[in-house]
Amino acid sequence: QVQLVESGGGLVQAGGSLRLSCAASGRTFSNYAMGWFRQAPGKEREFVAAISWNGGTTLAADSVQGRFTISRDNARNTVFLQMNSLKPEDTAVYYCAARTGPFTTTERLYDYWGQGTQVTVSS
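Residues numbered from 1 in each chain as written. Predicted model: local features only at pLDDT ≥ 70, side-chain atom pairs only at ≥ 80, totals over all residues. Heavy atoms only, no water.

The next point concerns the state of the cysteines. Summed over the entire model, instances satisfying the criterion amount to 1 disulfide. Covalent S-S linkage joins Cys 22 and Cys 96, the inter-sulfur distance amounting to 1.9 Å. An S-S torsion of about 45° defines the bridge between Cys 22 and Cys 96 as right-handed. Of this pair, Cys 22 sits in strand E3 (residues 18-25) while Cys 96 sits in strand E9 (residues 92-100), and the two are 74 residues apart along the sequence. Pair check on accessibility: Cys 22 and Cys 96 agree, each one buried. (Disulfide = S-S within 2.5 Å. Helix = DSSP H or I, 4+ residues; strand = E, 2+ residues; numbered from the N terminus. Buried < 20%, exposed > 50% of the residue type's maximum accessible area, 1.4 Å probe, protein only.)

Below, the discussion takes up the side chain of Arg 72. Residue position: Arg 72 is located in strand E7 (residues 68-73). Although Arg 72 is buried, it makes no salt bridge; Asp 73 carries the closest opposite charge, 8.3 Å away. (Lys, Arg positive; Asp, Glu negative; His and termini not counted. Salt bridge = Lys/Arg side-chain N within 4 Å of Asp/Glu carboxyl O.)

So this is what it looks like as structure tokens:
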């Protein structure tokens, strides 16, 4: 089992920045590829970004490309999502997720999920 706890969400004005963190415990963190997803009110959860077990490969959704950066620190068992140039449409609950094997954009392939952290971007 892997337990994931997100933090760093909050209220920010459009154009601002936030850094989300996801702390993992339970199993060897470096065994897992990690992903960030988000769910806006009334919408399905969608892929945001993912990172391989060693941080060597990352992928971001087109909607956040160039604004959001995913990274990880295996020594601290933590994955980060740096969000810059935030827009009102980025408002959502953000979830981190973990899976063994290669990282993927496919939500159903992730094994473990955090409880989410709310990000609200005001215009």
